[in-house]
Amino acid sequence: MNSVTETRFGLYVGGEWTATDETEKVYNKYTQSLVGETAVASEEHVIRAVGAGKEALRVPFSPYERYEVLSKVAKLLRERNEEFATTIADEVGKPIAEARGEVGRAALTLEISAEEAKRIHGEGIPVESAPGSENRHSFTKRYPVGVVAAITPFNVPLNLVCHKIGPAIAAGNSVVLKPDEKTPLCALLLTELFEQAGLPKGRLNVLTGKGDVVGPLLTANEEIDMYTFTGSPRVGQLIREQVGLRKVALELGNNSATIVHNDADVEEAAKQVAQKSFNNAGQVCISVQRVYVHRDVYSSFVDKVKAYTKEIKLGDPRDPSTNMGPMIAESEAERVEAWVKEAVEQGATVETGGKREGVFYHPTVLTNVHDDMKVCRQEVFGPVVAIAPYETEEEVIAKVNDSEYGLQAGLFTNNLAFAMKAMEEIEVGGLIVNDTSGYRVDHMPYGGVKKSGHGKEGPRYAIEEMTEEKIVVFNL
Ligand SMILES: NC(=O)c1ccc[n+]([C@@H]2O[C@H](COP(=O)([O-])OP(=O)(O)OC[C@H]3O[C@@H](n4cnc5c(N)ncnc54)[C@H](O)[C@@H]3O)[C@@H](O)[C@H]2O)c1
Ligand SMILES: O=C[C@H](O)CS(=O)(=O)O
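Not measured: the values here are computed from a predicted model.

> Outline the site of ligand 2, supporting the account with residue identities and numerical values.
Around ligand 2, the neighbouring residues are Arg105, Asn155, Val156, Leu160, Val284, Cys285, Ile286, Arg440 and Tyr446. The separation between an oxygen atom of ligand 2 and a polar side-chain atom of arginine 440 is 2.8 Å. Tyrosine 446 has a polar side-chain atom sitting 3.2 Å from an oxygen atom of ligand 2. Bound to the protein, ligand 2 loses 92% of the 280 Å² it would expose on its own. A domain split of the shell around ligand 2 shows at least three residues from each of domain 1 (8-252 + 452-475) and domain 2 (257-442).

Structure follows, in structure tokens:
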């Protein structure tokens, strides 16, 4: 069959599209109308996909050929930018401007991966410096791990797929991808581009279906060499438990903090916070959730954030004037509503927002919060930001660190000594000075500590995760 019959997709296994009797429906998150239907993978499909991946590894696929395929996919993706952007807007509910931005970033992620394919290298090891090894010489080389299973979330369904397929292919691996069942369409369209670009059969296999069914089938398959997962800490933990001694990279959640110090550009900080708290309706792992503001500038900062937040226009994601779309499901909007209600019962003040309309939750600014409220302690993953004052550098660093998570944090200050102290002491994978926790470009090392996971993304760093380093020592 073709990959698509109108909007119906098969599984992609060993370079062939396969239909299944059972299908999974995909809905437009704004209109709730049907936008696509995918096949549903069974255990047999998992076995076939992994087998195809293993088989493909036996056929030479040079670094330059990998570079060429990945570059071609990036080019095709740029050519079909609008189709991908509208697909993301429909299946996620992400405003079209943000969706276009995601497509551009996804193409860049593939271009960076293509470049990295040509420069995977080991290093010379000076073994001769050890007494008794004077006549030895040594170097290392990196080799693909084999078959990589990639499991991805709903919120950034194209670029986060590219962050897994790009480096895995660049490093010489085969991939079995399982995109999120709520937003699989752009990953399936991307698979068509890999096919069109001439990716050898079996190097990419795509299995769709419910995560709690297909996921365990993947983790139970002993032929898979590595798992790369982006999603919730709950599922990350399950995968960790199920895969035993095999390699795992986990990109999980966060309750991201940003500090606004008394010497900061308060106007700029407020503008950035109001934007990075509500992008994709707050459904971003580095979305600003907790803001700690120095008492000297607290009132003026809260006023400014409120004013910027009130300008956010909710509506149809396809309408270019919309700033914020719906959440992924009404049940998620109800959960956020319940968490805000609970915070208010515990003493929080709603400065603006605090209202649900069906699947929309209005962008919400909370003050008078304390660190043990759910909206501070847990990951909201919705359009809610909680603002609290602080007085000393030590106090605010302790507050930021008082979290189970540690993905990224932001700090607005012009005080270099404070910025360096924060770099030394804040427990995160990335500290962003003079911007929010929400800053990311695709070639930087990206990944968390604590319950935010382990292993880095960014093509160069993901390639390190997806390769094994081998040493050779010559006794001459
Ligand atoms: N650190 C990062 O880079 C990053 C990026 C994006 C999202 N996230 C996190 O992802 C979460 C939101 O995404 P989500 O709701 O799609 O997450 P999720 O964990 O519910 O789903 C992620 C993926 O796991 C699959 N899955 C579900 N159950 C499974 C199981 N039992 N075994 C294997 N796979 C299973 C889903 O189908 C989906 O493909 C948030 O916590 C967010 O912070 C992290
Ligand atoms: O949701 C988390 C994403 O990794 C953030 S970004 O889209 O990559 O910037």
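From this point, the discussion proceeds with the structure in view.
> Tell me what's going on with the side chain of asparagine 401, and back it up with residues and numbers.
Along the chain, asparagine 401 turns up in helix α13 (residues 393-401). Other than its neighbours up to four places away in sequence, asparagine 401 contacts Glu425, Ile426, Glu427 and Lys450.

> Tell me what's going on with the domain arrangement of the chain, and back it up with residues and numbers.
Note on interface size: it is often stated as the accessible area lost on association of the parts. Each assigned domain of the chain is listed with its residue range as follows: domain 1 (8-252 + 452-475) and domain 2 (257-442). Relative placement of domain 1 and domain 2: their C-alpha centres are 31 Å apart. With 30 residues of domain 1 in contact, the opposing surface of domain 2 contributes 27 residues. Interface area for domain 1 against domain 2, summed over the two sides, is near 2,300 Å², with a carbon-plus-sulfur share of 55%.

> Explain the packing of aromatic side chains residue by residue, including any values.
A complete count under the given rule lists 5 aromatic pairs for this structure. Ring centres of phenylalanine 154 and phenylalanine 381 lie 5.9 Å apart, and the angle between their planes is 85°; on these two criteria the pair is classed as edge-to-face. Taken as a pair, phenylalanine 154 in the loop between β8 (147-151) and α5 (159-170) and phenylalanine 381 in the loop between α12 (374-377) and β19 (384-390) lie far apart in primary sequence, 227 residues in all. A relative accessible area of 12% means that phenylalanine 154 is categorised as buried. On the basis of relative accessibility, which here comes to 19%, the residue phenylalanine 381 falls in the buried class. Over the ring of tyrosine 67 we find lysine 118; its NZ or CZ atom is 3.8 Å from the centre of that ring. The cationic tip of lysine 470 hangs over the ring face of tyrosine 143; the distance from NZ or CZ to the ring centre is 4.7 Å.

> How would you explain unusual backbone geometry if you had to name every residue and give the values?
Unlike most non-glycine residues, glutamine 32 shows phi in positive territory, near 65°. For glutamine 32, a relative accessible area of 46% corresponds to the partly exposed category.

> Go over α13, please, and point to the residues and values.
Every buried residue of α13 is accounted for by Val396, Ile397, Val400 and Asn401. Around the axis of α13, the buried residues are gathered within 135° of arc, so they sit on the same side. Contacts from the buried residues of α13 go to β13 (257-260), β14 (290-294), β19, β21 (408-412), α14 (416-425) and β23 (449-450).

> Explain helix α3 (residues 81-92) residue by residue, including any values.
When the terminal C-alpha atoms of α3 are compared, their 16 Å separation across 12 residues agrees well with the 16 Å that a helix rising 1.5 Å per residue should span. Most of α3 is tucked away: 9 of the 12 residues are buried. Buried residues in α3 make contact with β5 (23-27), β6 (34-39), α2 (63-79), α4 (96-117) and α6 (185-196). Looking at the residues trailing α3, positive phi occurs at glycine 93, about 90°.

> Break down the site of ligand 1 for me, with residues and values.
For ligand 1, the set of nearby residues contains 30 residues, the closest of which are Thr152, Glu181, Ser232, Leu252 and Glu379. Within the contact set of ligand 1, an oxygen atom lies 3.2 Å away from a backbone nitrogen or oxygen of glycine 231. At 2.7 Å, a backbone N or O of leucine 252 approaches a nitrogen atom of ligand 1. When isolated, ligand 1 has an accessible area of 850 Å², and the protein chains bury 92% of it. For the shell around ligand 1, the secondary structure elements donating two or more residues are α7 (211-220), β11 (226-230) and α8 (233-242). For the shell around ligand 1, the per-class residue count stands at 16 nonpolar, 8 polar and 6 charged. In terms of domain composition, the shell around ligand 1 takes at least three residues from each of domain 1 (8-252 + 452-475) and domain 2 (257-442).

Reading guide: rules and limits
Residues numbered from 1 in each chain as written. Chains lettered and ligands numbered in written order. Predicted model: local features only at pLDDT ≥ 70, side-chain atom pairs only at ≥ 80, totals over all residues. Heavy atoms only, no water. Near = heavy atom within 4 Å. Polar contact = N/O pair within 3.5 Å; in protein donor to acceptor, adjacent residues only side chain to side chain. Areas by Shrake-Rupley, 256 points an atom, 1.4 Å probe, with all protein chains shown as cover. Domains from an automatic or database assignment. Helix = DSSP H or I, 4+ residues; strand = E, 2+ residues; numbered from the N terminus. Contact = heavy atoms within 4.5 Å. Buried area = accessible area lost by both parts, 1.4 Å probe. Phe/Tyr/Trp six-rings, centres within 6.5 Å; stacked < 30°, edge-to-face > 60°. Buried < 20%, exposed > 50% of the residue type's maximum accessible area, 1.4 Å probe, protein only. Lys NZ or Arg CZ within 6 Å of the ring centre and 35° of its normal. Arc of directions from axis to C-beta. Expected span 1.5 Å × (residues − 1). Nonpolar A, V, L, I, M, F, W, Y, C, P; charged D, E, K, R; others polar.

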